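Per-entry structural report
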Protein chains: 2
Amino acid sequence: MSHEPITDLSKLCIHTITTKPWAIEEAAKNFAAAGVKGITVWRDTLAGRDIKKTGDLLRAHDLSIVSLCRGGFFPSIDKTKRQAAIDDNRKAIEEAHQLGTQLIVLVCGADPAQSLEDSRQQIQDGIEAVLPEASAAGVRLAIEPLHPMYADTRSAINTLAQANDMTEAINSPWVGVAVDVYHLWWDPNLEQEIKRCGNNEALFAFHICDWKSPTVDMLNDRGLMGEGCIPLKKIRSWVEATGFDGFREVEIFSTEYWQQDQSQFLQKIITGYKNHA
Amino acid sequence: MSHEPITDLSKLCIHTITTKPWAIEEAAKNFAAAGVKGITVWRDTLAGRDIKKTGDLLRAHDLSIVSLCRGGFFPSIDKTKRQAAIDDNRKAIEEAHQLGTQLIVLVCGADPAQSLEDSRQQIQDGIEAVLPEASAAGVRLAIEPLHPMYADTRSAINTLAQANDMTEAINSPWVGVAVDVYHLWWDPNLEQEIKRCGNNEALFAFHICDWKSPTVDMLNDRGLMGEGCIPLKKIRSWVEATGFDGFREVEIFSTEYWQQDQSQFLQKIITGYKNHA
């Protein structure tokens, strides 16, 4: 299946944050009308809503609810905050259950006031603390390694090797990894680490976008597929060679694109997906 | 020597770009007056000057000329540009020789129009092309791995492991590595890779600064030692455990600090160096 051009949208998922100006109801309607088949829901879009009914609405649009974004942010030098994070992750698991999705993506967190090693231990402790709730709810947790430029405050897990190490250490069918090309494209060990999580049956999610040159903002300047230097087709071939046949999730944070007409942006996403993903 | 507090400035080197508003003559005078003993010269500061006389001036201020910054930028999808880069690196070697320094730091380069693997091969080819000139001039070349956030255009070498791999592949006493905490602090393999280049007698330079949270600019928002989350004392202990006894080079690009009074900034550098490096 590797390197084959994409001719249909049956595996295209879009994150609600990608079209942030749209409320979730609007996103669902527009995604469905364009033929998109999957949606990943960011928690902020659920504010003030009946979560179960929102899930029903998405399914009524024939959208698979691929995952809930996001849990995590476990580390803190402050014990009270660590407990609050664990409580919030339990809440996220309950939200995922109500929404009707079987996956939560974890942006694991980091606290610059302590060592990366301490943050990693707290991540592992936090995931293990919520495992009973995750398994009871039938919700899997995907550790998403984040780009090293986020190691200070967003994640102390910055390579797929580290995510695989932690997955293996926790050793639960409910814990795996999310591969996001934006975070990992530069890693010389990426192919072998994708194989490794594939062999562990731990490759739970695949996120795509592109890396623009120049990138003018560390958080909100991601590119559309084809706009940048990420070898998307190559990485997808590695992911799919493991047997992964899940959705390809478009996750783009972009101040520039959020300012544009979102219907036109959605068409650009579909074009970029077909031609470059 | 590890973890011992720094009580004197005998190993403090400052890069000319750190106090960019100062011309090199002004930097030399002020560094010397403050007791700084080393200077690393950025090539732009030599524009329009007699390079040999500038070297004499620095030595007259009792400053060791630790290195010349920077060579590199070898990769390009365009063969003409690759040859131009090799020519420019030969020019840099000649400049280092005239200045009277025995080290050039290489920011190796990358071209987003081609794969990272192709860029790496062109880096190795470029270094090997200039080795005869380097050895004839008595100038060593330090491969500086750059943070993965610069993998698109600045360097296809983004971990110390990759720099060590290339150093070992080239296998010349004239080629080693520069360890810069800003680029490498997040790397879980950093301690072992520092040991590895130490064992190869290839640890040629050690650059310090800090990583601020938040970092608001990908290039020009580096922090003073102590302002951020980099475990500076720990990394220095690893570097010095290899037997490295060279300068600790303060390399800070900061729009914020460049706008301040540079004499006051210099005192902050010295305070940060003594208390946090």
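Under an unreviewed UniProt entry, chain A has the name Xylose isomerase domain-containing protein TIM barrel and belongs to Haliscomenobacter hydrossis.

1. Quick word on the side chain of A:E249
Residue and element names in this part refer to chain A. Relative to the elements of secondary structure, E249 occurs in strand 8 (residues 248-250). Within the buried core, E249 has no salt-bridge partner, and the shortest N-O distance to an opposite charge, that of R140, equals 9.1 Å. In this structure the side chain of E249 is engaged in a polar contact, spanning 2.7 Å, whose partner is the side chain of H15.

2. A look at unusual backbone geometry
Trans peptide bonds make up the majority, and among non-glycine residues the majority have a negative phi. Residues and elements named next belong to chain A. In this chain, C69 is followed by R70 through a cis amide linkage whose omega measures 5 degrees. The residue R70 is located in strand 3 (residues 64-72) in this model. With a phi close to 55 degrees, N171 is a non-glycine residue in the positive phi region. Secondary-structure assignment places N171 in the loop between helix 5 (160-170) and strand 6 (175-180).

3. Description of the relation of the copies chain B and chain A
With an RMSD of 0.0 Å, chain B superimposes on chain A once it is rotated by 180 degrees and translated 0.0 Å along the axis. In short, the pair behaves as if placed about a two-fold rotation axis. A share of 100% of the interface residues of chain B reappears at the interface of chain A, consistent with the copies meeting face to face through the same patch.

4. A word on the packing of aromatic side chains
One pass over the full model with this rule turns up twelve aromatic pairs over all chains. Linked through ring pairs, A:Y182, A:W185 and A:W211 together constitute an aromatic cluster. We note A:R140 situated over the ring of A:F204; from NZ or CZ to the ring centre the distance is 3.9 Å. A cation over an aromatic ring shows up here: B:R222 above the ring of B:F253, its NZ or CZ 4.2 Å from the ring centre.

5. A closer look at the interface of chain B and chain A
On the side of chain A, 23 residues touch chain B, which itself brings 23 residues to the contact. Counting each side, the surface lost to burial between chain B and chain A is near 1800 Å², with a carbon and sulfur contribution of 70%. In this structure, B:K234 and A:E117 form a salt bridge, with 3.8 Å as the shortest nitrogen-oxygen distance. Counting every contact that joins chain B to chain A gives four residue pairs in polar contact (both at pLDDT 80 or more). Considering each element in turn, the side of chain B that touches chain A owes the most residues, three residues, to helix 4 (residues 116-137) of chain B. Classifying every residue of the side of chain B that touches chain A by side-chain character gives eleven nonpolar, seven polar and five charged.

6. Regarding empty space enclosed by the protein
Applying the stated rule across the entire model yields two cavities of 30 Å³ or more. Quantified by volume, the largest cavity comes out at close to 100 Å³. The wall of the largest cavity is formed by 13 residues, among which B:R70, B:V107, B:H183, B:R222 and B:F253 lie closest to the centre. Looking at the lining of the largest cavity residue by residue, the class counts come to six nonpolar, one polar and six charged. Taken as a whole, the second largest cavity encloses approximately 30 Å³ of empty space. If you trace the second largest cavity, you find it lined by A:W185, A:C229, B:D111, B:P112, B:Q114, B:L116, B:A151 and B:D152. Taken together, the residues of the lining of the second largest cavity sort by class into five nonpolar, one polar and two charged.

Analysis parameters
- Residues numbered from 1 in each chain as written.
- Chains lettered and ligands numbered in written order.
- Predicted model: local features only at pLDDT ≥ 70, side-chain atom pairs only at ≥ 80, totals over all residues.
- Heavy atoms only, no water.
- Helix = DSSP H or I, 4+ residues; strand = E, 2+ residues; numbered from the N terminus.
- Buried < 20%, exposed > 50% of the residue type's maximum accessible area, 1.4 Å probe, protein only.
- Lys, Arg positive; Asp, Glu negative; His and termini not counted.
- Salt bridge = Lys/Arg side-chain N within 4 Å of Asp/Glu carboxyl O.
- Polar contact = N/O pair within 3.5 Å; in protein donor to acceptor, adjacent residues only side chain to side chain.
- Least-squares fit on C-alpha atoms with pLDDT ≥ 70 in both.
- Contact = heavy atoms within 4.5 Å.
- Phe/Tyr/Trp six-rings, centres within 6.5 Å; stacked < 30°, edge-to-face > 60°.
- Lys NZ or Arg CZ within 6 Å of the ring centre and 35° of its normal.
- Buried area = accessible area lost by both parts, 1.4 Å probe.
- Nonpolar A, V, L, I, M, F, W, Y, C, P; charged D, E, K, R; others polar.
- 1 Å grid on protein atoms, 1.4 Å probe; cavity = no way out; pocket = protein on both sides within 12 Å on 5 of 7 lines; lining within 4 Å.
- Points joined across faces, edges and corners; volume = space filled by probe spheres on them.

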